Amino acid sequence: MLSRRTLIKYLGILAGASHSVLATSQADKKTWHSAKYWREEDGAVRCQLCPHGCTLDTGKTGLCRTRKNVDGQLVTSGYANPCAVHTDPIEKKPLYHVLPGSSSYSIGIAGCNLRCKNCQNYSMSQSSPLETDNIYLPPEDAVANAIESKCSSIAFTYAEPVVWIEYVQDTAELARKAGLKTVLVTSGYINQQPFKELCAVIDCAHIDLKSFDEMVYRNLNAGSITPVLKSLTNAREMGVWIEIVNLIVPSWSDNMEMIRKMCKWIKDELGEETPLHFSRFFPMYKLAHLYPTPAEVIQKACRIAKEEKLQFVYAGNVPDLQSNTTCPSCGTILIERQGYKVKNYIAGTGSCFSCKKQIKGIW
Amino acid sequence: VREQKAMAITFYGRIWQPAEIAFITGLFSAAAQVVYLRELFSIFTGNEFTFSVSMCCWLAFTAIGCRGVFVKKCTYASLHLILLLHLLLFCTGIILIRVFPLVMKPGEQFSPHLAGLIIFLTISPVSFLSGLLFRLCTYNLDGTRVYRWDNAGNLAGFSLITICILFTIPHRIAIVSMIFLYLPLLVNHRWKLGLAVMVLFSIYFLDPVSARWKYHCTISSIEYGRSGEIGKSIDGSTVWLNNTIYKTNITNGHIEQAVHVPLSIRYPGSVLLVHDNGYLNEIRKYKNTKVHCIEFEPLLADSECLCTTPERIPENVRYDAIILGSTIPQNLSEGRMFTDHFFKLMKSKLNEKGIFSFSFNVNTAYIDKNTKQIIEITKYTLKNCFNYVKLFPGEGVTFLSSDHPFSLPDTSYVPASYYNDYILPGVSSEMVEAFNRDSIKSMVNKVGHPVLLTSSINRYFQMFKIPAIYIFLFVLIALLVLIRLFWQTKDTISIGTTGFCCGLYSIILMILYQSQFGTLYSAVSMFMISMSTGFITGSFIKSDKFNDTIVLVYTLLSLLLFRFFPGLPEFTWYFSNMVMGVIVAAQIVNSKENMTQLNAADIAGGVAGILLGGVYILPFFGIEGVLVMVFVVKVLPFFCVWRGGIKPS
């Protein structure tokens, strides 16, 4: 007769075994690629890519769900296996000062080192590349496809590209040689050494500044603000064109005083010509019960940014609100936008039609 | 003598009879159960998975209380204490349910772990005491009579709640009435009575305030409707249904796409909108278009939206377009609008060239496996009903179906900034092609086999990274523990398997009802009333003809009836549930075993039936799977008798 204790023990073994079988069968489906930015530490591997600094024993995977210690070596499952590949308008990233009206070949691999409760792409970002349906796309194929699709740039986007930095670096290097611009859509939550190396192959970046408050960063995103601010200043120093996106989440990051502080910091540290996009939140993922950001809140935030003398302030996701680019000197509309459609823009030189003021960006 | 003394609760000199105590505690417990279910239903956003878990938790702890596993004896003083505790814990549980959303971050959903913990913390103490009180009543009275009076109390409790639901009376009135009816049991104990009265007043004044704690923003009113709890913001612009946003006046890309894609195929002369969901403002942009908006929930209907169901729309009325104001189905009440039955009903209301459309609000950059499965099942179910089906991916996925050929539009007839300026430029032809590519043959989502529900449950667990196998093992272990504890003799096995069939039958009936009518939130008490009526009636029957064979035959036949005739009137559903109650009670009261053992075995079986039926068997295998399960389980007592290896009763 089977005793209760024995039965429970057997069930436990069964659960463990079934989990291992599932994990092994998933692991078989992929190829690992050697990862950079790590060192050995007391027999384990210490990942040095992002501020989490995961210490991984053999067989363990980092918080990003992509980097793993296999026999004392750090490897990544996020290489050449995107689960999302689309041709998007560059305005969708959003990047308003980069080749307006052009298309960007956009690639996304699963994985992220943050845990944003409002993530719009959570099925990708909160999964490992082992769990998603992927295609095989080596760097050379990605570049060839981008050229074939008549795209002017190649964008690393959708989830968090810094956790598949090896693929971004290899692809971006080839893309630049082929005359394509390279675009990074990131939260900027990365250590500065790898980020500087990444910036060497990146032309422009959309960096999320999710809020200007450490507690919000911790509770909403499971991250910290300091590394993000460092990434912003370093990107600027490295000559990467940056545009900042601030998603205003009701009850979380809609404090106008905080927004004012953020605008002041941007002006002082990055310059008044840095474009700032205020984006509207729509209920998603774990914050599915929250109401969308009212348009008035976005409008108010834009007004504060203007008061703080930021020259290029945009309202994202809200039709009929500031999305045109105007000359900060004479007020002439330089780029007229209607959603993702661009009607009229400064091509080539990037200077104002009337006062000839040079507008910063990639034109 | 001690047992008799234990039951000696007096009311101005008169000794309360155990049957009367059983009646009052039964009333209180039944009403408490429904109030809890409704409160939990609203904080867990109408998720039926948590509904099944809550029911199981209630029954499991009642069974444990009934067995008196932890408390063997009860003294005069402690019986009063148990009665008082019962009352206090119930009120604390209600407040706790409302406090939990306060400790969550603004707008955050409950994870399944936390949902389980909340259910356990709030429900288990009260249900345990309910079971224990039943056991105490049987100390001094024939078990059959206690069983009968307890069920009569249940019936009264369910009736009380039903009246509150029918007249949309707030929960506080129901709770105060329940406490008031409990007070006579404590009347001779001043401090206990005083405490109970204080609780009564506190809950009366605290209820309207605490009900608002469930919402993360300021709510002006809370109403209790047929399909759930309805909250409205101060300016009336935002309406919440079961704590999720039902509609706001803030338009977005998803709504514009859901409205303008179908209406831009052919300029519509008439449109039927099923559920406003914020779509109505967009449809109003089409001048000279006749719009009919219907809501199933009376409290959501207003001057612009009529409260009715599509079945009640006159035969001769046809529309150029029908739009379902919905999003990706996450529970049964939403899932029922994506069955072949409902699609065919919609088709019957369309003109020859009419378009039927709805949208799922998902991110189309990458669709995960569960969402893909939901999309494929829906597409395949539509193809089963319409000749032409197309999908438009943008801000979510819009499904379009018609019996007449059509092409996807490239602009809208009316101004729509999101749709024209954001969505259309962002959608490539490759993307449209990928979504419309014929994939592997999927399954049709039917009322009797809601395959979509499985994917929805998986999607919910996946969001919180919980592997389905762990849930399965947890359920399995829980069942084995219950069976080991409560099914030990021939009679308890017989009654336990009957309880299993009864629990399974009841939950399947409720799920099917929800798939059919979508108003389980209000109908749950009617189901319980019918079951209790059955239990009382059955407890008067003196005949050993009500055996395992009758239970098996009735369960199989009546489930087959609902399988083949899903559109039966509401009354039939309650009546069938009542008949099941009669059969079960008749079998219990005619068994030789001790009543508390039988009651515990029956309830434990009910837990097993609800857990397996609601969570696994119906979603995965459909009604056919349920029938097989019933057959296998009910054959068990015969097998035990044949083997002769079970203790005699």
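Structure shown above.
Caption draft 1: Structural context of the overall build of chain B. Along its length, chain B carries 22 helices and 13 strands. Expected size for 649 residues packed as a compact globule is a radius of gyration near 26 Å; at 26 Å, chain B falls within 12% of this value. Seen along its three principal axes, the alpha-carbon backbone of chain B occupies a region of about 85 × 60 × 45 Å. Sequence-distant contacts in chain B: of pairs separated by 6 or more residues, those separated by 24 or more amount to 76%. Summed over all atoms, the accessible surface of chain B reaches about 24,300 Å², with 64% contributed by carbon and sulfur. Of the side chains in chain B, 51 bear a positive and 40 a negative charge, and the two mean positions are spaced by 9 Å.

Caption draft 2: Up close: a nonpolar patch on the surface. A cluster of nonpolar residues, Val 553, Leu 557, Leu 560, Leu 561, Phe 564 and Phe 565 of chain B, forms a patch on the protein surface that exposes about 560 Å² of accessible area. Its place among the elements puts Leu 557 of chain B in helix H20 (residues 548-564).

Caption draft 3: Region of interest: the interface of chain A and chain B. Taken together, the contacts link 51 residues of chain A with 42 residues of chain B. Between chain A and chain B, a total of about 4,300 Å² is buried, with carbon and sulfur atoms accounting for 60% of that surface. Counting across the chain A and chain B interface gives four salt bridges. A salt bridge links Lys 341 of chain A to Asp 421 of chain B, with the shortest nitrogen-to-oxygen separation between them at 3.5 Å.

Caption draft 4: Main features of the sheet that holds strand E2 (residues 38-41) of chain A. All names here are of chain A. In space, the three strands of this open sheet follow the order E2-E3-E4, with antiparallel pairing throughout. One side of each edge strand has no neighbouring strand; the edge strands of this open sheet are E2 and strand E4 (55-56). In this sheet, strand E3 (residues 44-47) lies alongside E2 in antiparallel orientation, the contact comprising four bridges. For Arg 39, the partnering residue across the bridge sits in E3 and is Arg 46.

Caption draft 5: Broad picture of the pairing of strand E12 (residues 241-248) of chain A. All names here are of chain A. In terms of burial, E12 is largely enclosed, as seven of its eight residues are buried. Summarising the sheet, strand E11 (residues 204-208) and E12 pair through five bridges and their orientation is parallel. The partner of Ile 207 across the bridge, within E12, is Ile 244. Here E12 runs beside strand E13 (residues 276-280); their pairing, made up of five bridges, is parallel. Along E13, the bridge assignment pairs Ile 244 with Leu 276. With helix H8 (residues 256-270) bridging E12 and the parallel E13, this β-α-β connection has right-handed handedness.

Caption draft 6: Main features of the environment of Ile 541 of chain B. Residue and element names in this part refer to chain B. Inspection of the secondary structure puts Ile 541 in the loop between helix H19 (520-539) and H20. Of the residues examined, Ile 541 reaches a relative accessible area of 22% and is grouped as partly exposed. A C-alpha to C-alpha distance of 5.6 Å links Ile 541 and Ala 586, two positions 45 residues apart in sequence. Those residues in contact with Ile 541 that lie beyond four places of it in its chain are Phe 546, Val 582, Ala 586, Val 589 and Asn 590.

Caption draft 7: Seen up close, the state of the cysteines. Scanning all chains against the criterion turns up one disulfide over all chains. Left without a disulfide partner, Cys 330 of chain A is nearest to the cysteine sulfur of Cys 352 of chain A, which lies 3.5 Å away. The structure places no disulfide on Cys 164 of chain B, whose sulfur is separated from the nearest cysteine sulfur, that of Cys 91 of chain B, by 15 Å. On the basis of relative accessibility, which here comes to 9%, the residue Cys 164 of chain B falls in the buried class.

Rules of the game
- Residues numbered from 1 in each chain as written.
- Chains lettered and ligands numbered in written order.
- Predicted model: local features only at pLDDT ≥ 70, side-chain atom pairs only at ≥ 80, totals over all residues.
- Heavy atoms only, no water.
- Helix = DSSP H or I, 4+ residues; strand = E, 2+ residues; numbered from the N terminus.
- Rg over C-alpha atoms; globule rule 2.2 N^0.38 Å.
- Contact = heavy atoms within 4.5 Å.
- Areas by Shrake-Rupley, 256 points an atom, 1.4 Å probe, with all protein chains shown as cover.
- Lys, Arg positive; Asp, Glu negative; His and termini not counted.
- Charge placed at Lys NZ, Arg CZ, Asp CG, Glu CD.
- Patch = residues over 30% accessible without salt bridge, like charges linked within 9 Å, V, L, I, M, F, W, Y side chains within 5 Å.
- Salt bridge = Lys/Arg side-chain N within 4 Å of Asp/Glu carboxyl O.
- Buried area = accessible area lost by both parts, 1.4 Å probe.
- Pairing = 2+ DSSP bridges.
- Buried < 20%, exposed > 50% of the residue type's maximum accessible area, 1.4 Å probe, protein only.
- Right-handed = clockwise from strand over helix to strand, strands pointing away.
- Disulfide = S-S within 2.5 Å.

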